[in-house]
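Letter by letter, the chains look like this.
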Amino acid sequence: DHNYSFCEKGKEKSHIDHDCQTDITMEDMDNLFEAKSKLQNPDSLLRELFVNKVTRDDRTVKQYTGAPSKPMLNGLFDILNSSSPNIKYWSGQGSTSTEEYQRNPDMKKSGPQRKLSRYEEFILTLVRLRLAMFTFFLADIFGVSESRVSQTVITWVNLMYQVFGPMIRYPSAQDVKKFMPKSFKLTFPNTRCIIDCTEFFIHKPRSPTAQSQTFSSYKQHNTFKALIGISPTGAIIFVSKLWGGNTSDRYITKESGFLDLIQPGDEIMADRGFLIRDLLLERHAKLIIPPFTQKCATGKGKRLSANDVIKIRNIARLRIHVERAIERIKKFHILSDTMPLNLKPIANQMLTVCAFLQSARSTGKEIKSIIVTNMETDVYHCYNYGDRIVLLIIYSVLFIYSVNVQY
């Protein structure tokens, strides 16, 4: 007459001591004790909840860190973690000397244990780059001091710059032609690179000399300026170091090392402001820019011919891709917001890291055409096709360069 007198088919009846008078198991008790210990440490609980929120799914990973997906985020961390098992954290000038625990992998670092794990430090750095959160806000979320946040960001930005910086490479002419889009083949088939300069707002320096060197008459603000180059497929292939906003495009192109990559027969597409035709002619290369207006043969004023109008439209339709690449880089708000001057020592590293992370978000025709082989590990199979391709390229480049990073 009662359901406790029999057992359903295929199920075993659980036996509980009558003296206990509860259905709670030992596993439930362990979970309760663990939750109690977390509640007693609110800093650790808030940090864990925030990291779980950031890495919950692909959408949150893109929003908070700028990485394309959660598997890619974990893959990038594995590369950084394996490339430098012992990190010496930045602590001011003169702190880059190699310590004994870095030479001997079996030796542990002396001193108190760090509050943050390496994965949490990695997430903190990416959130700082992506959202430009204030250091005091990140310090409250992760339960550390503001100085510790700055130390962590500086260390990890330099680590990512050393590991990922060499991966932004200038492709060969054969590779560019092999993956040349149809829109370029019909109009400018010999295009090797599309270049443009972009500026990043900074706070006004105190020094009058620094103010004049960084003031941009175009932006009417103090800025840093950099040269960005992309391939016809849209991949970022060149990132110069930062210059003052008062520097001309010609000077940056000449001094950034970009001209050393030019080969005879190359065609470089740029805006009208790049007066570098003579510099490219010295290297037997050609500059593609929109034509200027010319004096009319009959009548007064200057105008464009019908052929010039068509050429301008073709160039504008193709050159817009470098503008879009720059716009994607500036989705990292540490670059799009007004940059504090205390970030000046790592500004070049931040630009390169953000450019690499943005390049990893889009897998173009060049990447998808590579055939993936030797997928033997279970960890490798958990990534989707696009993530597998990017990680394969990253691991290949790391194997070639054999990066050994020490701080």
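Details of the structure are given in the entry above.
What you see is a predicted model, and the numbers here were worked out from it, not measured in a lab.

Engineer: Which parts of the structure should I look at to understand the overall build of the protein?
Structural biologist: When helices and strands are tallied, the protein shows 19 helices and 9 strands. By the burial criterion, 43% of the 407 residues in the protein qualify as buried. Once local pairs closer than 6 in sequence are excluded, the contacts in the protein between residues at least 24 apart make up 62%. For the protein, the accessible surface area stands at approximately 23,500 Å², while carbon and sulfur atoms represent 52% of it.

Engineer: Sorry if this is basic, but what is going on with the pairing of strand β4 (residues 236-239) here?
Structural biologist: Each regular strand displays side chains that alternate between the two surfaces of the sheet. The pairing of strand β3 (residues 221-230) with β4 spans 3 bridges and is antiparallel. Opposite Gly-229, over in β4, you have Phe-238 as the bridge partner. Connecting the antiparallel pair β3 and β4 is a turn made up of 5 residues, with Gly-234 showing a positive phi of about 100°.

Engineer: I tried to follow the side chain of Asn-222 on my own but got confused; where do I start?
Structural biologist: Within the secondary structure layout, Asn-222 lies in strand β3. With a relative accessible area of 7%, Asn-222 lands in the buried category. Separated by 3.3 Å, the side chain of Asn-222 and the backbone oxygen of Gln-211 make a polar contact. Side chain to side chain, Asn-222 and Thr-214 meet in a polar contact 2.9 Å long. Beyond its immediate stretch of four places on either side in the chain, Asn-222 contacts Phe-200, Phe-201, Ile-202, His-203, Lys-204, Pro-205, Gln-211, Thr-214 and Phe-215.

Engineer: Explain the environment of Leu-242 here, please?
Structural biologist: By secondary structure assignment, the location of Leu-242 is in the loop between β4 and β5 (243-244). Counting along the chain gives 10 residues from Leu-242 to Ile-252, while the straight-line C-alpha distance between them is 9.0 Å.

Thresholds applied
- Numbers given for residues are sequential positions, taken from 1 along each chain in its written order.
- Under the rules for a predicted model, residues below a pLDDT of 70 receive no local features and side-chain atom pairs below 80 are neither given nor counted, while totals for whole chains, interfaces and linings still include all residues.
- Side-chain descriptors were evaluated using all non-hydrogen atoms of the structure, hydrogens and water having been removed beforehand.
- In this text, helices come from DSSP runs of H or I with a minimum length of four residues, and strands from runs of E with a minimum of two, each type numbered from the N-terminal end.
- Burial classes follow relative accessibility: with a 1.4 Å probe on protein chains only, a residue under 20% of its type's maximum area counts as buried, one over 50% as exposed, and anything between as partly exposed.
- In this description, contact between two residues means that some pair of their heavy atoms is separated by no more than 4.5 Å.
- Computed with the Shrake-Rupley method and a 1.4 Å probe, the accessible areas treat only the protein chains shown as cover for residues.
- Here, strands pair whenever DSSP counts at least two bridges between them.
- N or O atoms closer than or at 3.5 Å make up a polar contact, with two conditions inside protein: a donor-capable atom paired with an acceptor-capable one, and, for residues adjacent in sequence, both atoms drawn from side chains.

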